[in-house]
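Summary of the model geometry
Here is how the chains run, residue by residue.
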Number of protein chains: 2
Amino acid sequence: MKTDALVEQLKWRYAVKKFDPSRKIPAEQWQALESALVLSPSSFGLQPWRFIVVSDSAVRKQLRAVSWNQAQVVEASHLVVFAIKKDLNAADVERFVRRIAQVRGVSAESLSSYEQMMLDFVAQAGKGLDINAWSAQQLYIAMGVFMTAAAVLGIDTCPMEGIEPDSYDKILGLGSQGFHTLAAAAAGYRAADDKSARLAKVRYETSEVITHVGRS
Amino acid sequence: MKTDALVEQLKWRYAVKKFDPSRKIPAEQWQALESALVLSPSSFGLQPWRFIVVSDSAVRKQLRAVSWNQAQVVEASHLVVFAIKKDLNAADVERFVRRIAQVRGVSAESLSSYEQMMLDFVAQAGKGLDINAWSAQQLYIAMGVFMTAAAVLGIDTCPMEGIEPDSYDKILGLGSQGFHTLAAAAAGYRAADDKSARLAKVRYETSEVITHVGRS
């Protein structure tokens, strides 16, 4: 991608409040956004997450009721719920190691030092490590990847933390599967009359946000 | 950007272990990546972060010593340290409100309901809200944006959590300014002989990571 075009798309992006409910993201582009989620980087590669794409309109209505009534939940073309795997533990590490062995065609034994490093890491849970907070950080990487991938494709998004996570878990049956909702993102196309689109993007001066140590 | 090209770049991306120390990111592209950091979305728009670009080679050597000796810290073209603003509070909200008023040319009074919402939010700190964990989540959005923006430009990155945050804070003088390091990212170009480049990317099956509720 051209440098200028990237910056243009990142400036074009904003948190859309009013989506055009008549416009759907084409299947091919949605596939690409799902790929972006799957391909998101995470520490150790552990992927401590699940993404739930909610298309059922009755379910989206239920979710809207536990999302401060935000219209994006029902009006956007697509809605993704971002959930962490709760209490990531040794079993998750072992599952991941099996997956590495499968994908790379190597023995699990050859991965034992990497496995031990990850086991040592998750074993710190509760002993100075808040493993769910750690998983949450990884999940937010995926949020950043998703919004950026959408922006470069010219697809609008609206990230949403103002939701009731426990209600989301219940409605989507996530809790019983060991997952916990943290946020959601609506995706689609801004309505022509979304007032937010006309507001200047507010960022601190670059010099207040980025400092340099030495000259690059 | 074309859909196929986006997915291709996301597949091309991996956590580079060995950078080519002779290749520098051109200034124009690095500017775009700094813009991507500045433009990263955050909840409420609060930007509870600072990004430190470390070019000084002596400082990078010091950081390497507190990064499990990872060579990326000194060999990559650029190194960015990701830090949160510690203990985000009412003063940060007020500073942000002043900035909104300035950028949009509106009165601070006209923003009072938005200000109150944010003040109510940060006032929950310590009462069920871990404000530093919340800021960490926002910071990781910026990590995702940064890595994705780099990937679409054909620039390699390596995110690093395996660092000693407190030592980073000391070396960079962050603690006394109210910031705290969480992670870093090296950026540049993979060395031709980086062994990691030849390993297949390991992700769970899409069906295990993404679930659908209803048909889109």
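Residues numbered from 1 in each chain as written. Chains lettered and ligands numbered in written order. Predicted model: local features only at pLDDT ≥ 70, side-chain atom pairs only at ≥ 80, totals over all residues. Heavy atoms only, no water.

When charged atoms on two side chains of opposite charge get close, those side chains can pair. On inspection of all chains with the given rule, the structure shows 10 salt bridges over all chains. Glu205(A) serves as the salt-bridge partner of Arg99(B), at 3.8 Å between the closest nitrogen and oxygen. Residue Arg99(B) is found in helix H5 (residues 90-104), and its partner Glu205(A) is found in the loop between strand S4 (179-188) and helix H9 (206-209); the two belong to separate chains. Residue Arg99(B) is classed as buried on the basis of its relative accessible area of 11%. Overall, Glu205(A) belongs to the partly exposed group, its relative accessible area being 41%. (Salt bridge = Lys/Arg side-chain N within 4 Å of Asp/Glu carboxyl O. Helix = DSSP H or I, 4+ residues; strand = E, 2+ residues; numbered from the N terminus. Buried < 20%, exposed > 50% of the residue type's maximum accessible area, 1.4 Å probe, protein only.)

Taken as a whole and judged by the stated rule, the model has 2 cavities of 30 Å³ or more. Estimates place the volume of the largest cavity at around 50 Å³. Residue lining of the largest cavity: Leu10(A), Arg13(A), Met147(A), Thr148(A), Ala36(B), Leu39(B), Ser40(B), Pro41(B) and Val145(B), and that is the complete set. Mapped by element, the contributors of at least two residues to the lining of the largest cavity are helix H7 (131-153) of chain A together with helix H2 (27-39) of chain B. Of the voids in this model, the second largest cavity is the one considered here, and its volume is about 40 Å³. When contributions to the lining of the second largest cavity are tallied by element, the ones reaching two or more residues are helix H2 (27-39) of chain A together with helix H7 (131-153) of chain B. Classifying every residue of the lining of the second largest cavity gives 6 nonpolar, 2 polar and 1 charged. (1 Å grid on protein atoms, 1.4 Å probe; cavity = no way out; pocket = protein on both sides within 12 Å on 5 of 7 lines; lining within 4 Å. Points joined across faces, edges and corners; volume = space filled by probe spheres on them. Nonpolar A, V, L, I, M, F, W, Y, C, P; charged D, E, K, R; others polar.)

What follows deals with the nonpolar core. Counting residues in each nonpolar core, the largest one holds 110 residues, and the members touching the most others are Phe51(A), Phe82(A), Phe146(A), Phe51(B), Phe82(B) and Phe146(B). In contact with Phe51(A), other than residues within four places in its own chain, are Leu37(A), Val80(A), Val81(A), Phe82(A), Leu139(A), Ala142(A), Val209(B), Ile210(B) and Thr211(B). (Core = buried A, V, L, I, M, F, W, Y, C linked by side-chain atoms within 4.5 Å. Contact = heavy atoms within 4.5 Å.)

Right, let's talk about the environment of Ser135(B) for a bit. Residue and element names in this part refer to chain B. Relative to the helices and strands, Ser135 is located in helix H7. Each C-alpha atom, one on Ser135 and one on Ala83, is 9.4 Å from the other, the two residues being 52 residues apart in sequence. Contacts of Ser135, omitting those with residues within four sequence positions, involve Pro48, Ile84, Lys85 and Leu88.

Here we take up the interface of chain A and chain B. Facing 74 residues of chain A, the contacting portion of chain B comprises 74 residues. Taking both sides of the interface into account, the surface hidden between chain A and chain B amounts to around 6,900 Å²; carbon and sulfur atoms contribute 61%. Counting across the interface, chain A meets chain B through 4 salt bridges. At the junction of chain A and chain B, the tally comes to 44 residue pairs in polar contact (both at pLDDT 80 or more). For the side of chain A that touches chain B, the elements supplying multiple residues, two or more each, are helix H1 (3-12), H2, strand S1 (49-54), helix H5 (90-104), H7, H9 and strand S5 (210-213) of chain A. (Buried area = accessible area lost by both parts, 1.4 Å probe. Polar contact = N/O pair within 3.5 Å; in protein donor to acceptor, adjacent residues only side chain to side chain.)

Residues and elements named next belong to chain A. Segmentation of chain A into domains returns domain 1 (3-87 + 131-196) and domain 2 (89-124). Distance between the C-alpha centres of domain 1 and domain 2: 29 Å. Domain 1 puts 8 residues into the contact, and the matching count from domain 2 is 9 residues. A buried area of about 750 Å², summed over both sides, lies between domain 1 and domain 2, and 71% of it is on carbon and sulfur atoms. (Domains from an automatic or database assignment.)

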